Amino acid sequence: MTQGKAFDIPKALVWESYKAVRANRGAPGCDGQTLMQFDANRDRNLYKIWNRLSSGSYFPPPVLAKSIAKSDGGQRVLGIPTVSDRIAQGAIKLYMEQRLDPIFHEDSYGYRPGRSAHQALARCAERCRTRNWVLEVDIKSFFDTVRHDLVLKALEHH
């Protein structure tokens, strides 16, 4: 008897994510592993990522904190994930997009594949010409105040 995986994550999603990370390049994370070093054992590394994601045993490693100068003279801290973690994050992003994007409202533009701020502005302009009402919503700090139990409940549903 064989036991199935906890999550049905196709290996192709891990491969697509790898190609995107490879194209984007980027600095090594806290483990110091470069893309070139990852590629030295690429197939084994990708299989390990897929296996852990699929089994539900994936845990992201710490990120490397890197301070960069801001234009106002201050500092901003960036978190740099490892190469493996960037691939894992990309695979999960693709996995979730395939399932959740179809249920989003057609006028939802934020962080969606194939949608842009320019398209959102064009829709707003079109609506201003065809509607006699305006809805204003302030979403500043939305994720700081949203009830996370409700977000998790929605994710479980979908």
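Shown above is the structure to which this text applies.
Residues numbered from 1 in each chain as written. Predicted model: local features only at pLDDT ≥ 70, side-chain atom pairs only at ≥ 80, totals over all residues. Heavy atoms only, no water.

### Some words on the overall build of the protein
Phase 1 of the analysis: Looking only at helices and strands, the protein features seven helices and two strands.
Phase 2 of the analysis: Start at the N end of the protein and walk to the C end: the helices and strands fall as α-α-α-β-β-α-α-α-α.
Phase 3 of the analysis: Relative to the globule expectation of 15 Å for 158 residues, the C-alpha radius of gyration of the protein, 20 Å, shows a markedly less compact shape.
Phase 4 of the analysis: Evaluated residue by residue, the protein yields a buried proportion of 21% over its 158 residues.
Phase 5 of the analysis: Pairs at least 24 apart in sequence give 61% of the contacts found in the protein among residues at least 6 apart.
Phase 6 of the analysis: Of the roughly 12200 Å² of accessible surface on the protein, 57% is carried by carbon and sulfur atoms. (Helix = DSSP H or I, 4+ residues; strand = E, 2+ residues; numbered from the N terminus. Rg over C-alpha atoms; globule rule 2.2 N^0.38 Å. Buried < 20%, exposed > 50% of the residue type's maximum accessible area, 1.4 Å probe, protein only. Contact = heavy atoms within 4.5 Å. Areas by Shrake-Rupley, 256 points an atom, 1.4 Å probe, with all protein chains shown as cover.)

### Observations concerning the packing of helix H1 (residues 11–24) against helix H3 (residues 42–55)
The angle between the axes and the distance between the axes are what describe a pair of packed helices.
Phase 1 of the analysis: For the pair H1 and H3, the least separation of the axes is 10 Å and the interaxial angle reads 125°. Classified by the angle their axes make, H1 and H3 are oblique. Between H1 and H3 lies a crossing whose hand is right-handed. Contacts between H1 and H3 involve Lys11, Val14, Trp15 and Tyr18 on the former and, on the latter, Arg42, Leu46, Tyr47, Ile49 and Trp50.
Phase 2 of the analysis: Class assignment for the residues of the contact of H1 with H3 results in seven nonpolar, no polar and two charged. (Axes fitted to C-alpha atoms, helices over the stretch in contact; angles between N-to-C directions. Parallel < 35°, antiparallel > 145°, perpendicular 65-115°, else oblique. Left-handed = near helix turned anticlockwise from the far one by under 90°. Nonpolar A, V, L, I, M, F, W, Y, C, P; charged D, E, K, R; others polar.)

### Observations regarding unusual backbone geometry
Phase 1 of the analysis: Located in the positive-phi region is Arg25, a residue other than glycine, with phi close to 60°.
Phase 2 of the analysis: Looking at the secondary structure, you find Arg25 in the loop between H1 and helix H2 (35–40).

### Topic: H3
Phase 1 of the analysis: An ideal rise of 1.5 Å per residue puts 20 Å on 14 residues; H3 measures up with 20 Å between its terminal C-alpha atoms.
Phase 2 of the analysis: Where H3 is concerned, the buried positions are Asn45, Leu46, Ile49, Trp50, Leu53 and Ser54. Taken around the axis of H3, the buried residues stretch over an arc of 160°, which confines them to a single face.
Phase 3 of the analysis: Packed against the buried residues of H3 are H1, H2 and helix H4 (83–100). (Expected span 1.5 Å × (residues − 1). Arc of directions from axis to C-beta.)

### Observations concerning the environment of Gly74
Phase 1 of the analysis: Along the chain, Gly74 turns up in the loop between strand S1 (64–69) and strand S2 (75–80).
Phase 2 of the analysis: Its relative accessible area of 25% is what places Gly74 among the partly exposed residues.
Phase 3 of the analysis: Through-space distance from the C-alpha of Gly74 to that of Tyr95 is 37 Å; in sequence the pair is 21 residues apart.
Phase 4 of the analysis: Those residues in contact with Gly74, other than ones at most four positions away along the chain, are Ile68 and Ala69.

### Remarks on the nonpolar core
Phase 1 of the analysis: Counting 17 residues, the largest nonpolar core has Val14, Phe38, Leu46, Ile49, Leu53, Val83 and Ile87 as the members making the most contacts within it.
Phase 2 of the analysis: Of all the elements, H4 adds the most residues to this core, at five residues.
Phase 3 of the analysis: Apart from the residues within four sequence positions on either side, Leu46 is in contact with Val14, Trp15, Tyr18, Phe38 and Ile87. (Core = buried A, V, L, I, M, F, W, Y, C linked by side-chain atoms within 4.5 Å.)

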